[in-house]
Structures are given as C-alpha cells and as structure tokens.
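Structure at a glance
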Amino acid sequence: MKILVTAFEPFGGEALNSSREALTLADENTAGADIVKLILPVVFGESARLLEAAVQREAPDAVLCLGEAGGRDLITPERVAINLEDARIPDNAGVQPIDRPVEPGGPDACFTTLPVKQMALAIREAGMPASVSLSAGSFVCNHLMYSLLRFCRKEYPRTRAGFMHLPLLTAQAAAKTPPLPGFEAEDLARGIEAAIEAIAQSLREENGPSS
C-alpha cells in the first residue's frame, strides 16, 4: 500500500508552515504503508500540476494533502472543496484571484473520498483535538483539493484523495496579536499518523488484508 502525503511551503510572509514541519516529523512507515512525502508551493496552478505529476509517478492508493489554517484550534479533515478561487492575500507567485473558478464549467463542489469521520476519530483517540470540516476555504488549499479530486475522478478513480488542515505551530501562534491556538510539530505529526492509520485501515477493509 502506498500513500502520498503532501504539505505546503511557508506563505504570507511566514518562515514556517505547520503542515511542512509536522509532515517532516511523521513516521514514513505509518500503518505499514509506503509513505511518500512531497512539499508543494503555495501557488495556484503550479501546486496542482506538481501534485498531478506525483500521482502519475507514484500511483498511490491514497493521497492526503495537508495545509495550514491559522485560527483553527483542532485538526480538520476536509469534507468538500468548492469551485472557487477567492484569495485574501496573494500566493507565493504574487497571484491573487478574486471570484474565479478553479475549473471553468466544473461542478460547484467535490467531496473527498477519504474516510474523514474515521480520520477525525482516530486523531482524537491519539490525543489530539479533531473534527470534520465543511470548508477548505478559497485559497490554494481549496484549489489543490478541488483539482486533485477532479483529476483522480477522471484519471485514477480507484485512488482515494482528500485534504486535511492543521492549526498553527506554537511558535507561529504566539507571535500573533492576539495570540492564536497553536501546537507543537510533534503533536501535529501524531495527528497526521493517526489519520494515515485510519486511511490505511479503510483501504484494507475495502480491498482485503493483502493490500
């Protein structure tokens, strides 16, 4: 079993991104699966193209994309992505789309194919707060999730795919005014591992113990 897990580089003037720092610490042998890690740019278009190339190259059984959501106080597997790009700030290439579709003529929304409720439960059982989210926003995180789900539906319909947001790191959160919720990278990594465990278990139930 192979699971591709992605995170984002820092953006918005930050030196850190909680998804990148936590993924770096996550065990590459979680759930007995082959975990392939990839760091993506916070850039509309390019992030999706690089992810699609990785899916083609690795042919994973599942793809879990990670991103940072400042202000959230728990880990949130995302249930849905919307066909909208409406950026509060420019991406790392200086692009700031407003009221633009991710895919002109595409469906208004795409739903994850990952077991998000099981993921949230597994994360809580690992000692971290978690809940399923119904909003991936309208920045590059949502763009990536929507693009990935559309790509997999067309080209890799057996590949499970989705997105999960992480809170800020403690160091990032403490620098905000007022301070925001934050966690240590090691704790966020434990949440990622629990989510991967839930994904792997779901795949085994679906495909049999040999997968």
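Attention here is on the structure that accompanies the text.

So, how was this worked out
- Residues numbered from 1 in each chain as written.
- Predicted model: local features only at pLDDT ≥ 70, side-chain atom pairs only at ≥ 80, totals over all residues.
- Heavy atoms only, no water.
- Pairing = 2+ DSSP bridges.
- Helix = DSSP H or I, 4+ residues; strand = E, 2+ residues; numbered from the N terminus.
- Contact = heavy atoms within 4.5 Å.
- Axes fitted to C-alpha atoms, helices over the stretch in contact; angles between N-to-C directions.
- Parallel < 35°, antiparallel > 145°, perpendicular 65-115°, else oblique.
- Nonpolar A, V, L, I, M, F, W, Y, C, P; charged D, E, K, R; others polar.

Taken in spatial order, the 5 strands of this open sheet run S2-S1-S3-S7-S4, and their pairing is mixed. Only two strands of the sheet have a single partner each, and these edge strands are strand S2 (34-40) and strand S4 (76-77). Relative to strand S3 (residues 62-68), strand S1 (residues 2-8) runs parallel, the two being bridged by 4 bridges. Within S3, the residue paired with Val5 across the bridge is Leu64. On top of the sheet, helix H1 (residues 18-25) reaches S1, S2, S3 and strand S7 (160-166); it is set at about 145° to S1, its chief contact.

Quick look at the packing of H1 against helix H6 (residues 185-207) now. Between two packed helices, the angle of one axis relative to the other and the distance separating the axes together describe the packing. At their nearest, the axes of H1 and H6 sit 8 Å apart, and the two run at 70° to each other. Considering their axes alone, H1 and H6 lie roughly perpendicular with respect to each other. Contacts between H1 and H6 pair Ser18, Glu21, Ala22, Leu23 and Leu25 from the former with Ala185, Glu186, Leu188, Ala189, Ile192 and Glu193 from the latter. The residue makeup of the contact of H1 with H6, split by class, is 7 nonpolar, 1 polar and 3 charged.

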